[in-house]
Amino acid sequence: DELVQEYIKSVILASIIPPHVEWEKVSKHQIHSRTAENYIFLIKKHFLQQFSGCLICSINTWELQNHFFCLSQRYSNSMLIKVHFLLYRIYRRAHIKWGIDNPLNTDDFRLPASMKKDRKIEPYNDEEMLRLLAGVENHPILKPIINLTFATGCRIQEILNLRWKHIDLDSGCLRIERALTLHVAFDGDGNTLSRQTVDGRTKRRSSERTLYIDDYTVNLIEEWRAYAALYTKTEFDPSGHIFGNRQNSRYTYGGFRAVLNRHLVLQYGKGHNLAALHRIRHTVATRAAEEGASTIELMQLLGDNQERSVLRYTGKSQAIAKNNRDRISRSMVSMRSS
């Protein structure tokens, strides 16, 4: 019956896919609005466009198998898994509500492996580290932020969202509790209305942790505080962000990346390949491991990843945090003096 099929199509494509409120049901926990936006983008780009005009109940296993094979020629395994996850959930819901068979839930369907080589994030080598640190040495705003990132291995979103209440300069103790996140507002059809940088939770709940920084980094932040009071709009009450700039009391992630990249282009020209900030995190983890940090200590340092039951007990461990501080400090002092 064409009316029934059209009803099913309109319900699935108009009511399940676009609205943000529906996407929150994809996970057992609420998801970030940016995640919902990514989900909608993936479905629109990698499913709706290719099967435009088709009734969803008419798409068979062979067509989806061929579709995923085409995607595997161009995209990573991570993207393939995400699209498969979303389509599987959509078809499962359609099966429960309207009895539509799930073409992904058959012995004939196999998710192909990507033919594309994943781009791996590599840590900085000594030369690159020295170039990056030297490149920001004379920049009063970039210098403390980049050095603090090297001293902790934190995500830059965590560093930029630090407030004065999160740091004790006397003891060098730092508390990671929140991170900058992007809030996306949607209309009823799933279209993006606005994007706004807001205070949000860390990437994972286990990422809340206590860290310690060395004396060199403490001194940099003290120098920054004196400078910021004179030349920036940084606010110094306990809830004020530590790192403001000349226009605002805090950075956005995109704003900071743009400032850093422009400055490094002036220093080294285009193609410097030094502004991939997540490489700092990989560098810190690698160096800490090379200094003998255990898996548990690395998890505490980075607020990562799978062993959440372990992190529940180690995330606030001051002994592990101080050990990580000493290892990173020794590594950085050695590198600076070389």
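Please read all numbers here as calculations on a predicted model, not as lab measurements.

Caption draft 1: Main features of helix α11 (residues 278-290). For α11, spanning 13 residues, the distance from its first C-alpha to its last is 19 Å, which sits close to the expected 18 Å at 1.5 Å a residue. Along α11, the positions that sit buried rather than exposed are Arg279, Ile280, Arg281, Thr283, Val284, Ala285, Arg287 and Ala288. Gly292 lies just past α11 and shows a positive phi near 105°.

Caption draft 2: How the structure looks around the nonpolar core. Of all hydrophobic cores here, the largest spans 50 residues; its most connected members are Ile145, Ile146, Phe150, Phe256 and Leu260. By residue number, the principal contributor to this core is helix α7 (residues 142-152), which donates six residues. With near-sequence residues (within four places) excluded, Leu260 lies in contact with Val136, Leu142, Ile146, Ala275 and Leu277. If you look at the next biggest cluster of nonpolar residues, it comprises 20 residues, including Tyr39, Ile59, Met79 and Leu87.

Caption draft 3: Expanded view of the sheet that holds strand β2 (residues 173-176). On the basis of which strands lie adjacent, the open sheet formed by three strands has the order β1-β2-β5 and antiparallel pairing. Strands with a single pairing partner mark the edges of an open sheet, and in this sheet they are β1 (167-168) and β5 (209-212). Here β2 pairs with β5 via four bridges, running antiparallel. The residue of β5 that forms the bridge with Arg175 is Thr210.

Caption draft 4: Region of interest: the side chain of Glu128. Tracing the backbone through its elements, the reader meets Glu128 in helix α6 (residues 126-135). With near-sequence residues (within four places) excluded, Glu128 lies in contact with Pro123, Leu274 and Arg279.

Caption draft 5: Focus on the packing of aromatic side chains. One pass over the structure, following the stated rule, counts eight aromatic pairs. Seen in terms of ring centroids, Tyr227 and Tyr231 are 4.8 Å apart; in terms of plane orientation they differ by 35°. Their pairing is tilted. You can see Tyr227 and its partner Tyr231 sitting in helix α9 (residues 215-231), four residues apart, about one turn around the helix. In textbook terms, an aromatic cluster arises when at least three aromatic residues are bridged by ring pairs, as seen for Trp224, Tyr227, Tyr231 and Phe243. Here the basic side chain of Arg131 rests over the ring of Tyr268, its NZ or CZ set 4.2 Å away from the ring centre. We note Arg336 situated over the ring of Tyr216; from NZ or CZ to the ring centre the distance is 3.9 Å.

Caption draft 6: A look at unusual backbone geometry. Although it is not a glycine, Asn273 adopts a positive phi angle of roughly 60°. Mapped onto the elements, Asn273 comes out in the loop between α10 (253-268) and α11.

Caption draft 7: Molecular detail of the side chain of Asn102. Considering the arrangement of structural elements, one finds Asn102 in the loop between α5 (77-98) and α6. On the basis of relative accessible area, Asn102 is assigned to the buried category, the value being 11%. Side-chain polar atoms of Asn102 contact the backbone nitrogen of Leu104, separated by 2.9 Å. With near-sequence residues (within four places) excluded, Asn102 lies in contact with Tyr88, Tyr91 and Arg92.

Caption draft 8: Just the pairing of β2, in detail. Neither face of β2 is exposed, since Cys173 and Arg175 on one face and Leu174 and Ile176 on the opposite face are all buried. The pairing of β1 with β2 spans two bridges and is antiparallel. In the sheet register, Asp168 faces β2, and the bridge partner there is Cys173. Hairpin connection of β1 to β2: four residues between the antiparallel strands, including Gly172 at a positive phi of 75°.

Caption draft 9: Main features of the packing of helix α4 (residues 61-72) against α5. Interaxial distance between α4 and α5 falls to 11 Å at its minimum, and their mutual angle equals 160°. Put simply, α4 runs roughly antiparallel to α5. Regarding α4 and α5, the two cross each other, and that crossing is right-handed. Across the interface between the two elements, Leu64, Phe68, Leu71 and Ser72 from α4 touch Leu80, Val83, His84, Leu87 and Tyr91 from α5. A per-class count over the contact of α4 with α5 returns seven nonpolar, two polar and no charged.

Caption draft 10: Focus on the pattern of salt bridges. Under the counting rule described, the total for this entry stands at 10 salt bridges. Among the salt bridges present, the one from Arg209 reaches Glu158, with a minimum N-O distance of 2.9 Å. In this pair, Arg209 is assigned in strand β5 and Glu158 in helix α8 (residues 156-160), connecting sequence segments 51 residues apart. A relative accessible area of 0% places Arg209 in the buried class. Asp199 is paired through a salt bridge with Arg163; the nearest N and O atoms lie 3.3 Å apart.

Caption draft 11: Fine view of the environment of Arg325. Mapping Arg325 onto the fold places it in helix α14 (residues 318-337). Excluding residues that lie within four positions of it along the chain, Arg325 makes contacts with Ser171, Tyr212, Ile213 and Asp214.

Caption draft 12: Focus on the confidence of the model for the chain. For the chain, per-residue confidence averages 81 on the pLDDT scale, and residues scoring 70 or more make up 80% of the total. Every residue in residues 7-29 is under pLDDT 50, and counting partners more than four places away or in other chains gives 59 contacts.

Reading the values: rules and limits
- Residues numbered from 1 in each chain as written.
- Predicted model: local features only at pLDDT ≥ 70, side-chain atom pairs only at ≥ 80, totals over all residues.
- Heavy atoms only, no water.
- Helix = DSSP H or I, 4+ residues; strand = E, 2+ residues; numbered from the N terminus.
- Expected span 1.5 Å × (residues − 1).
- Buried < 20%, exposed > 50% of the residue type's maximum accessible area, 1.4 Å probe, protein only.
- Core = buried A, V, L, I, M, F, W, Y, C linked by side-chain atoms within 4.5 Å.
- Contact = heavy atoms within 4.5 Å.
- Pairing = 2+ DSSP bridges.
- Phe/Tyr/Trp six-rings, centres within 6.5 Å; stacked < 30°, edge-to-face > 60°.
- Lys NZ or Arg CZ within 6 Å of the ring centre and 35° of its normal.
- Polar contact = N/O pair within 3.5 Å; in protein donor to acceptor, adjacent residues only side chain to side chain.
- Axes fitted to C-alpha atoms, helices over the stretch in contact; angles between N-to-C directions.
- Parallel < 35°, antiparallel > 145°, perpendicular 65-115°, else oblique.
- Left-handed = near helix turned anticlockwise from the far one by under 90°.
- Nonpolar A, V, L, I, M, F, W, Y, C, P; charged D, E, K, R; others polar.
- Salt bridge = Lys/Arg side-chain N within 4 Å of Asp/Glu carboxyl O.
- pLDDT = per-residue confidence, 0-100.

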